[in-house]
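Coordinate inspection notes
What follows is the residue order along each chain.
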Amino acid sequence: MEHKLFYPNKELSANAAVKNMNEYNKLQNFAKNDYEGFWDSFAKDKITWKKPYTKGLDDSNMPFAKWFEGGELNVSEQCIDRHLEKNGEKTAILFEGELGDIQKITYNELSRRVNKTANLLKNRYGITKGDRVVIYMPMIPEAAYMMLACARIGAIHSIVFGGFSSDAIRDRIMNAKAKLVITADGAYRKGKPYMLKPAVDEALAKGGCDSIEKVLIVKRNNQEMTLVDGRDEIYNDLIDSMSEDNEAEVMQSEDPLFLLYTSGSTGKPKGVQHNTAGYILWAQMTMEWVFDIKPADIYWCTADVGWITGHTYIVYGPLAAGATTVMYEGIPLFPDAGRWWKMIQDHKITQFYTAPTAIRMLHKIGDDEPKKYDLSSLRILGTVGEPINPEAWDWYHNKIGGGTCPIVDTWWQTETGGHMISPLPGATPIQAGCATLPIPGIMAEVIDEDGTPTPVGEKGLLCITRPWPSMIRGVWGDPERFKKSYFGDCKKDGKPVYFSGDGAMVDEKGYITITGRTDDVMNVSGHRIGSAEVEASIGNADFVAESAVISQPHDVKGESLTAFVILNLHDHGAYEDMAKEINKIIRTEVGAFSMCDRFIFVPGLPKTRSGKIMRRILRLIATDEEITQDISTLEDPSVVKAIIEATKEQS
Ligand code: WTA
């Protein structure tokens, strides 16, 4: 199929880091011919080393790659201190609260706040290099101070997204044996105060969190809360008396920077570990290459710091690049659906980065809202987290970007640390709904299990065949799981390579289109959800014998969850009531964003003789599609008919 291509405009190209496809190809060839040399050419200058590294890449013990060994640095200095001399008075974080309160935090101010916070963590709580700190915070500047303060003293932060429940907090505390939890009373959402601290109380009350010594609480909405004597302390009361001077811990290139738990296809979420030098290098370089960040820019990523996008593209990347990064506390619909567009106008945003699900939602509301505002400051638009459909792309391109801003459709994952496949706005001809080409230095390939390239136009497995600097370094506490989850499926030249879990297709131009997960990981509103986690909590309803959760297409959320549930009683209540009950359990055990939109109560599930649930069959039944695949290999083929009947009856 022929696709329309959108070529970069001349002005943008002239000033971009990568100006045309010739330059792109040169860079990519450089990397292919001299991989270490390629990375060395950037790493030595882009990072302010305390001590230079002696080796670029050590891949002698794959999948445990090591980058820039011998090097010493500190990420907080890379993000703050090195900008102070020339840009101390530049705004680092531009915060807007949901009620309209604005804070402009300069790099000088950020430095003072982070140093004070670092001193508090170190001196009052005895947090030292290698300790784990769980952060459960709303979208307020203090969340960034906490992250950077951890980086400064060498503590490993593990942020838990504010939408997660107390059980999720507890699991993460226990898995990482964290010493301290940092939270806030709450924040504002839909114009009203909401609370976070009670979820931390609940998590700790459930037991098993003996590693936690203290809870540090930031005051944001000033609502009443109960404090546990000897455990809970208020940040705002303690911070003023701390010194502004703090000497950053000397970190080795491969010292851990943070953990971020993410869903896989089986079991509990995995603690994805990112280390110091490689991560920050790529966070910074992709800001320059993909977002074309320039000194005068006002850059806004609408993600939450609880997800990888918030880590890399609200905090670490923009600050390492010395940019002004916008942080917004609330929802896009408060007080009305023009909020984001108004913010773009008010702050003269130049780069805007968001998720397709948000675009679809705002598109549905109509053109009237964006029309009210001057969006002409925008230069580059971006999307992340899921594929973008053509209608949403057109609207974003024309109504938000005025038909002139390139849209960078960035494909990457928690595990990749930063962008892997994306157009470069000054070079790559853009095609709607397509992530286009690997970023220079990234060896992304679509292959089969044995490494044979998948023919043009066919679906294959999206792999990254050489280690890259911001690559996941491990699954916390479980090296075997790390190997098996990411390096167990695909090989190239007989050697295991990183498999993303995504399928993809390559066209004649070499452009890569993501076709979605090949495993049981689901994506609702850009949130990554594992079927195993949701099924485990459904199983905790006492009337449930077994369940299987799948996702089906949804016009705003991208995907929505459908649960097929087997009951263990004959005498049960109304389906509707049971559905509500199950969602209540999911909400408390995982989080509201993992609740199911649809429940189908069935007599059995389609299982293979080895007991594996064939979710593919359930997906077809849910969307009322014909099952063409052979079902005779199922343990009980007749179950399919029964499920189809139950589905029809209940819809
Ligand atoms: C999906 C988010 C299509 C993909 C940064 C991946 C995408 C998962 C895109 C990672 C994109 C991310 N087009 N699909 N541009 N970007 N995905 O770890 O399935 O929360 O594996 O990281 O989101 O989700 P995660």
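Residues numbered from 1 in each chain as written. Predicted model: local features only at pLDDT ≥ 70, side-chain atom pairs only at ≥ 80, totals over all residues. Heavy atoms only, no water.

1. Concerning unusual backbone geometry
For the bond from Met 62 to Pro 63, the omega torsion is 5°, close enough to zero to count as cis. Tracing the backbone shows Pro 63 in the loop between strand 1 (55–58) and strand 2 (66–69). The residue Asn 222 is not glycine, and still its phi comes out positive at about 55°. Mapping Asn 222 onto the fold places it in the loop between strand 11 (214–218) and strand 12 (232–234). The class of Asn 222 is exposed, set by a relative accessible area of 54%. A positive phi is found at Asp 292, a non-glycine position, where the angle reads about 50°. Looking at where Asp 292 falls in the secondary structure, it is placed in the loop between helix 10 (276–289) and strand 16 (298–301). (Helix = DSSP H or I, 4+ residues; strand = E, 2+ residues; numbered from the N terminus. Buried < 20%, exposed > 50% of the residue type's maximum accessible area, 1.4 Å probe, protein only.)

2. Topic: the site of the ligand
In the neighbourhood of the ligand, 17 residues make up the surrounding shell, with Asp 409, Thr 410, Thr 414, Asp 502 and Arg 528 lying closest. In this structure, an oxygen atom belonging to the ligand sits 2.7 Å away from a side-chain N or O atom of Asp 502. Contact distances for the ligand include 2.6 Å between an oxygen atom and a side-chain N or O atom of Arg 528. Protein chains shield 94% of the accessible area of the ligand, which is 530 Å² for the free molecule. Counting only elements with at least two residues in the shell around the ligand, the list comes to helix 11 (308–320), strand 20 (407–410) and strand 26 (512–517). Here the shell around the ligand is composed, by residue class, of six nonpolar, six polar and five charged. (Near = heavy atom within 4 Å. Polar contact = N/O pair within 3.5 Å; in protein donor to acceptor, adjacent residues only side chain to side chain. Areas by Shrake-Rupley, 256 points an atom, 1.4 Å probe, with all protein chains shown as cover. Nonpolar A, V, L, I, M, F, W, Y, C, P; charged D, E, K, R; others polar.)

3. Examining helix 2 (residues 21–33)
Between its first and last C-alpha atoms helix 2 spans 18 Å; for 13 residues at 1.5 Å apiece the expected length is 18 Å, and the two agree. If you check which residues of helix 2 are buried, you get Tyr 24, Leu 27, Gln 28 and Ala 31. Projected down its long axis, helix 2 carries its buried residues within an arc of 95°, all on one side. The exposed residues of helix 2 that point more than 90 degrees off its buried face are Asn 22, Lys 26 and Asn 33. (Expected span 1.5 Å × (residues − 1). Arc of directions from axis to C-beta.)

4. Side note on the nonpolar core
Grouped together as the largest cluster of nonpolar side chains are 119 residues, with contacts concentrated most on Leu 110, Leu 121, Leu 216, Trp 289 and Tyr 316. Ignoring anything within four residues of it in the chain, the contact list for Trp 289 reads Ala 17, Val 18, Leu 27, Phe 38, Phe 42, Trp 282, Leu 424, Pro 425, Ile 439 and Pro 440. (Core = buried A, V, L, I, M, F, W, Y, C linked by side-chain atoms within 4.5 Å. Contact = heavy atoms within 4.5 Å.)

5. Description of the sheet that holds strand 31 (residues 598–601)
Working definition: the strands of a sheet are paired by backbone hydrogen bonds and lie parallel or antiparallel to each other. If you trace the three strands from one edge of the open sheet to the other, you get 29-30-31, paired in mixed fashion. Taken across any chain shown, the strands that pair with only one partner, and hence form the sheet edges, are strand 29 (544–554) and strand 31. Across the sheet, the mean angle separating the axes of adjacent strands is 25° when strand polarity is ignored. Bridge analysis of strand 30 (residues 558–567) against strand 31 gives four bridges, and the strand direction is parallel. (Pairing = 2+ DSSP bridges. Axes fitted to C-alpha atoms, helices over the stretch in contact; angles between N-to-C directions.)

6. Focus: the sheet that holds strand 20
The strand order 5-4-17-16-18-19-20 describes an open sheet built from seven strands, whose pairing is mixed. Only two strands of the sheet have a single neighbouring strand rather than two, namely strand 5 (102–106) and strand 20. The sheet shows a mean angle of 20° between the axes of neighbouring strands, taken without regard to direction. In this structure, strand 4 (residues 91–96) lies alongside strand 17 (residues 324–328), joined through four bridges in parallel fashion. Note that in strand 17 the partner of Leu 94 across the bridge is Val 326.

7. Describing the packing of aromatic side chains
Counted by the stated rule, this structure contains 42 aromatic pairs. Taking the centre distance of 5.0 Å and the plane angle of 85° together, the rings of Phe 258 and Tyr 279 count as edge-to-face. Of this pair, Phe 258 sits in strand 14 (residues 256–262) while Tyr 279 is found in helix 10, placing the two residues 21 residues apart along the sequence. The buried category is assigned to Tyr 279, whose relative accessible area is 1%. Ring geometry for Trp 300 and Tyr 328: centres 6.3 Å apart, planes at 90°, overall edge-to-face. Taken together, the residues span a long stretch of sequence, with Trp 300 in strand 16 and Tyr 328 in strand 17 at a distance of 28 residues. Positioned over the ring face of Phe 164 is Arg 172, at 4.5 Å from the centre of the ring. The ring of Tyr 511 has Lys 509 lying over it, and the distance from NZ or CZ to the ring centre is 4.6 Å. (Phe/Tyr/Trp six-rings, centres within 6.5 Å; stacked < 30°, edge-to-face > 60°. Lys NZ or Arg CZ within 6 Å of the ring centre and 35° of its normal.)

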